[in-house]
Amino acid sequence: MDSNAPATSVAQDDVAPRRRNQTRYLIGQFLWNMIPPMTFVAIVGLWAVSVKAFQVPSYLLPAPDAVFRLLIAEAPMLWANTKVTLLEILLGFGLTILLAIPLGLVIALSPLAKQVLYPPAMLLQLVPKIAMAPLFLVWFGFGIESKVILTLLMTFFPLLISSISGFQILDTRLLYLTRSMGANTWQTFRYLRVPAALPVIFSGVKTSATIAATAAIVAEFVGANEGLGYVLLRGTSTMNMELTFAVLVILTVIGLAINYAVELTEWALAPWQRKLK
C-alpha cells in the first residue's frame with residue numbers, strides 16, 4: 001500500500017495541470033471564436049454613434065434601432081419576400097453545383113472535351129449577364145425561371161474554373177505510383193484525385209456562393225413583383241431608408257448562412273483540411 005502511494009500522488013499532480021491547460025485552451029478558443037460577432041457588434045455600435053454624433057438625416061442613413069424596429073414591424077412581409085429570393089438563390093446555386101463540377105471533371109480529364117466545351121463556356125462568360133437579363137424576361141417571363149437561370153449563369157463560371165483546376169492539380173507521378181501498386185481507375189479517382197481537388201473546388205463554391213445572392217437580387221431588379229430585390233427597389237424609390245437597410249441586413253444574414261453552410265460541408269467532406277485552419 002505504501003509503495004503505491006507516491007505513484008498515485010504523482011498521477012494526481014499531473015491531472016491538475018492538464019485540466020488547467022485544457023481550461024485555458026477552451027477559454028482561448030471561445031474568445032477567438034467571439035471575435036467575428038464582436039466585430040459585427042462594434043460596427044453596429046460605430047454606425048449608431050456616427051448617426052447620432054453627426055446628426056445624419058434618416059433619409060440618408062437611418063439609425064440601427066430604427067432598422068431593427070422595422071424588421072420586427074414588417075416581419076411577415078419581409079419573410080414572404082425572403083422565401084422567394086432564397087428559393088431563387090438555392091435553385092440557381094444548386095444547379096451550378098450539379099452542372100459545373102461534373103463539367104469541370106470532364107474538361108480536366110478529356111483533351112477533346114476541353115477543345116469542344118471550354119470555348120463556349122468562356123464565350124458565355126464574356127457576355128455581360130446583366131445585358132442578357134431582359135432577354136430572359138422575354139423568353140421565360142416574370143416568374144422564377146428567369147431569376148434562376150440568371151443566378152446559374154452568374155455563378156457557373158467561377159465554380160467551373162475551380163473544378164477544372166482542382167481535378168488537374170494532382171501530380172501525375174502520384175498516379176503512376178498508385179497504378180504501380182495495383183489501384184484501379186475508380187480507386188485512384190476516389191482516394192487520390194477527389195481529395196486533392198476538394199479544397200480547390202470548395203474555394204470556387206465559396207466564390208459562387210457570394211455571387212448567388214447578388215445574382216438573384218439583380219434578376220429581381222430587372223423585372224419582378226416579389227422578392228427582396230423588389231422590396232429593395234420599392235424602398236429606394238420611396239426614400240424609405242429603414243426598409244432599404246432592413247433588406248440589406250436580411251441579405252447579409254442570407255450570405256453568412258450560405259457561407260457557413262459551405263464551410264460546414266467542407267469540414268465534413270474534407271476532414272484532412274481541419275488541421276490546416
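**Q** Before we go on, may I ask you to explain a nonpolar patch on the surface in this structure?
**A** On the surface, a cluster of nonpolar side chains totalling about 350 Å² of accessible area is made up of Val 106, Leu 112, Val 116 and Leu 117. Take the nonpolar patch: its biggest share by element is three residues, from helix α5 (residues 111–126). Structurally, Leu 117 is set in helix α5. Judged by relative accessible area, Leu 117 falls into the partly exposed class, the value being 33%.

**Q** Teacher, can you tell me more about unusual backbone geometry here?
**A** Of note in the backbone geometry, Gln 55 takes a positive phi value of approximately 50° without being a glycine. Look at Met 239: it is not a glycine, yet its phi comes out positive at around 60°. By the secondary structure assignment, Met 239 is in the loop between α10 (228–237) and α11 (241–269).

**Q** Hey, could you run me through the packing of helix α4 (residues 75–109) against α10 in this one?
**A** The axes of two packed helices give the description: the angle between them and the distance between them. Taken N-terminus to C-terminus, the directions of α4 and α10 make an angle of 130°; their axes are 8 Å apart at the nearest point. With respect to their mutual orientation, α4 and α10 come out oblique. Judged by residue contacts, Met 77, Leu 78, Asn 81, Thr 82 and Thr 85 of α4 engage Leu 228, Gly 229, Val 231 and Arg 234 from α10. The residue inventory of the contact of α4 with α10, partitioned by class, reads four nonpolar, four polar and one charged.

Scoring rules and cut-offs
Residues numbered from 1 in each chain as written. Predicted model: local features only at pLDDT ≥ 70, side-chain atom pairs only at ≥ 80, totals over all residues. Heavy atoms only, no water. Patch = residues over 30% accessible without salt bridge, like charges linked within 9 Å, V, L, I, M, F, W, Y side chains within 5 Å. Areas by Shrake-Rupley, 256 points an atom, 1.4 Å probe, with all protein chains shown as cover. Salt bridge = Lys/Arg side-chain N within 4 Å of Asp/Glu carboxyl O. Helix = DSSP H or I, 4+ residues; strand = E, 2+ residues; numbered from the N terminus. Buried < 20%, exposed > 50% of the residue type's maximum accessible area, 1.4 Å probe, protein only. Axes fitted to C-alpha atoms, helices over the stretch in contact; angles between N-to-C directions. Parallel < 35°, antiparallel > 145°, perpendicular 65-115°, else oblique. Contact = heavy atoms within 4.5 Å. Nonpolar A, V, L, I, M, F, W, Y, C, P; charged D, E, K, R; others polar.

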